[in-house]
Amino acid sequence: MKALLLENIHPVAVETLERRGFEVDLRAPSMSEDELVAALPGVTVLGIRSNTTITPRVLDAADALQAIGCFCIGTNQVDLAAAAARGVAVFNAPYSNTRSVVELVIGEIIMLARRLAEKNDKMHAGVWDKSAKGSHEIRGRTLGIVGYGNIGTQLSNLAEALGLRVVFYDTADRLAHGNAQRMRTLEELLAVADVVSLHVDGRPGNAGLFGREQFAAMKPRSLFINAARGMVVDTAALAEFVASGHIAGAALDVFPIEPKAQGDGFESPLRGLDNVILTPHVGGSTQEAQEEIGWFVAGKLGGFVLEGRTELSVNLPAVQAPQLIEGSRLGYLHVNVPGVLAEVNTRLAEQGLNVTAQYLATHGEQGYVVTDVAGPVSAAQLEALGASPHTVWARAWRA
């Protein structure tokens, strides 16, 4: 079993996979589509972060690929439907770096409100600028959170503890934490927020969410933060509103176009503007978060390849089977049509195999059944299942 890990994934992922019997190839940079096509034949699992894109062409070239681990929150860099159609499971780490992102945002709110980046630049230039002009406490200010998911809710809790009033907007129904107040529309939030912080996901519908119209609707001298997705914000429009003084400061950790490798050049219309903090997509890049992500995602990859477990997969039916296999285990990913489970059980009965446990889940057009049996599943049995027109794949594992 071979694992290819890209984009400086934490060494704990290497240790976790090697302990489970994988031969691991760890590489620092991301890969282009052509590079992936050349590198993936014979690879069982692929680990990526946010700068590697998995297309149908890449998946077609990956003749042995069983699973992809996104060692981050987002999965929009992977064609999830194409992966599912080929039976390739995709896993991510939806919670592991939440705290790291939230702490960065809290720090940026304070830095922008006190104009610390500007003061720091002047000190390094040898200029002593001791002045309270434009510098404010955050206590009593209103934080508007756009996207009230895992990160948005934790930010809400910490912000309230610091004395901020919190309002939020989300297209989904979300339970308000603490004293946070839901806004019915984005426009309502923009009209009252002193600080706007984006925490939406990377779905296509969020592209261009924040542009000239939204910046104009923000309160004069308000602050803007984006630690969500680069394609959500029109950075050229933001630069205009910062330069005009309508937006008093901004902090961005993500960008529409990001360099592929460490040390590559970075271009943005926001460079050089006063009270603008630019960071290289490091919201979740703390040692604590990366170690947790490495352990978590590598564990999911190993559990899928070696035990057939799909819990928390983002594109295949989620089956939470025990890690311990007693006897043999049959995993069968199939087209979601009536009668498949009966067919599996009939074939096992014909072979004289007693079912000791069975787990089934469906997701869209696919179903996945994991069956533990008392005896060995034969190669002939797998071949017979594989010949069914409903089969995506059939695999067996032994204790």
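Cut-offs applied
- Residues numbered from 1 in each chain as written.
- Predicted model: local features only at pLDDT ≥ 70, side-chain atom pairs only at ≥ 80, totals over all residues.
- Heavy atoms only, no water.
- Helix = DSSP H or I, 4+ residues; strand = E, 2+ residues; numbered from the N terminus.
- Buried < 20%, exposed > 50% of the residue type's maximum accessible area, 1.4 Å probe, protein only.
- Contact = heavy atoms within 4.5 Å.
- Pairing = 2+ DSSP bridges.
- Axes fitted to C-alpha atoms, helices over the stretch in contact; angles between N-to-C directions.
- Polar contact = N/O pair within 3.5 Å; in protein donor to acceptor, adjacent residues only side chain to side chain.
- Core = buried A, V, L, I, M, F, W, Y, C linked by side-chain atoms within 4.5 Å.
- Parallel < 35°, antiparallel > 145°, perpendicular 65-115°, else oblique.
- Left-handed = near helix turned anticlockwise from the far one by under 90°.
- Patch = residues over 30% accessible without salt bridge, like charges linked within 9 Å, V, L, I, M, F, W, Y side chains within 5 Å.
- Areas by Shrake-Rupley, 256 points an atom, 1.4 Å probe, with all protein chains shown as cover.
- Salt bridge = Lys/Arg side-chain N within 4 Å of Asp/Glu carboxyl O.
- Phe/Tyr/Trp six-rings, centres within 6.5 Å; stacked < 30°, edge-to-face > 60°.
- Lys NZ or Arg CZ within 6 Å of the ring centre and 35° of its normal.

Asker: I'm lost on the overall build of the protein in this one. Help?
Answerer: In terms of regular secondary structure, the protein is built from 13 helices and 16 strands. Along the first, second and third principal axes, the C-alpha set of the protein runs to 85 × 40 × 30 Å.

Asker: What's the story with helix α1 (residues 11–19) in this structure? I'm lost.
Answerer: Structural remark: α-helix, 3.6 residues per turn; residues separated by three or four positions point the same way. All buried positions along α1 are accounted for by Val12, Ala13, Val14, Thr16 and Leu17. The inward-facing, buried residues of α1 contact β1 (2–5), β2 (23–26) and α11 (287–307). Of the residues flanking the end of α1, it is glycine 21, one or two places downstream, whose phi is positive at about 100°.

Asker: Sorry if this is basic, but what is going on with the sheet that holds β1 here?
Answerer: One open sheet holds the five strands; their spatial order is β2-β1-β3-β4-β5, and the pairing between them is parallel. Of all the strands in the sheet, just β2 and β5 (89–91) have a single pairing partner and so form its edges. In this sheet, neighbouring strand axes are inclined to one another by 15° on average, regardless of whether the strands run parallel or antiparallel. Bridging between strand β3 (residues 45–48) and strand β4 (residues 67–70) involves four bridges; their strand directions are parallel. In the strand pairing of β4, leucine 46 is matched with isoleucine 68. Taken strand by strand, α11 contacts β3, β4 and β5, and its axis lies near 170° from that of β4.

Asker: I keep staring at the side chain of asparagine 315 and nothing clicks. Help me out?
Answerer: The topology assignment puts asparagine 315 in the loop between α11 and β13 (328–335). In this structure the side chain of asparagine 315 is engaged in a polar contact, spanning 2.9 Å, whose partner is the backbone oxygen of valine 88. Side-chain polar atoms of asparagine 315 contact the backbone nitrogen of valine 90, separated by 2.9 Å. When sequence neighbours within four positions are dropped, the list of residues in contact with asparagine 315 reads Leu80, Ala83, Ala84, Val88, Ala89, Val90, His363 and Gln366.

Asker: Would you explain the pairing of strand β7 (residues 165–169) in this entry?
Answerer: β7 sits mainly inside the fold: four of its five residues count as buried. Across five bridges, the pairing between strand β6 (residues 142–146) and β7 is parallel. When the bridges of β7 are listed, isoleucine 145 appears paired with phenylalanine 168. As paired elements, β7 and strand β8 (residues 181–182) share two bridges and run parallel to each other. By the bridge assignment, phenylalanine 168 is partnered in β8 with arginine 182.

Asker: Looking at this structure, I do not really get the nonpolar core. What am I missing?
Answerer: For soluble globular proteins, nonpolar side chains are generally found buried alongside one another. In terms of nonpolar packing, the biggest core is built from 32 residues, with Leu5, Leu17, Phe71, Leu301 and Phe304 touching the most fellow members. Secondary structure elements with two or more residues in this core: β1, α1, β5, α11, β15 (366–373) and β16 (391–398). Look past the residues within four positions of leucine 301 in its chain and what remains in contact with it is Leu17, Val45, Ala67, Ile68, Gly69, Phe71 and Phe91. Counting 29 residues, the second-largest nonpolar core is a separate cluster that includes Val167, Leu198, Ala250 and Phe255.

Asker: I keep staring at the packing of helix α12 (residues 340–350) against helix α13 (residues 379–386) and nothing clicks. Help me out?
Answerer: The description of two packed helices rests on the angle between their axes and on the distance between the axes. Packing of α12 against α13 leaves a shortest axis separation of 11 Å and a crossing angle of 155°. It follows that α12 is roughly antiparallel to α13 by the angle criterion. As for the relative orientation of α12 and α13, their crossing is right-handed in sense. Residues Val344, Arg347 and Leu348 of α12 form the contact with α13, whose own contacting residues are Gln381, Ala384 and Leu385.

Asker: Mind showing me how you'd approach the sheet that holds strand β11 (residues 247–252) here?
Answerer: The strands making up a sheet associate through backbone hydrogen bonding, with each pair oriented either parallel or antiparallel. The seven strands are arranged β8-β7-β6-β9-β10-β11-β12 in an open sheet whose pairing can be described as parallel. Each edge of the sheet is formed by a strand with only one pairing partner; in this case those strands are β8 and β12 (276–278). One ladder, built from five bridges, connects strand β10 (residues 222–226) with β11; its direction is parallel. Note that in β11 the partner of asparagine 226 across the bridge is leucine 252. Relative to the sheet, helix α7 (residues 150–161) contacts β6, β7 and β9 (195–198), its axis offset from that of β6 by approximately 175°.

Asker: Just to check I follow, could you spell out a nonpolar patch on the surface for this structure?
Answerer: On the surface, Ile110, Met111, Leu116 and Leu162 cluster together into a nonpolar patch covering about 290 Å² of accessible area. Mapped onto the elements of the fold, isoleucine 110 is located in helix α5 (residues 98–114).

Asker: I would appreciate a short explanation of unusual backbone geometry in the present structure.
Answerer: Excluding glycine, a negative phi dihedral is what most residues carry, and trans is how most peptide bonds are arranged. Of note in this structure, arginine 221 is not a glycine but carries a positive phi near 70°. As for its placement among the helices and strands, arginine 221 is situated in the loop between α9 (212–217) and β10. For asparagine 275, which is not a glycine, the phi torsion comes out positive at approximately 55°. By the secondary structure assignment, asparagine 275 is in the loop between β11 and β12. Looking at asparagine 275, the relative accessible area reads 2%, which means it is buried.

Asker: I'm lost on the packing of aromatic side chains in this one. Help?
Answerer: In this description, a pair of aromatic rings is defined by centroid distance and the angle of the planes. Applying the stated criterion to the full structure yields ten aromatic pairs. A ring pair is formed by tryptophan 295 and phenylalanine 296, whose centres lie 6.5 Å apart and whose planes are at 55°; its orientation type is tilted. When its relative accessible area of 16% is taken as the criterion, phenylalanine 296 is described as buried. In this structure, arginine 395 is placed above the aromatic ring of tryptophan 393, and the distance from its NZ or CZ to the ring centre is 3.9 Å.

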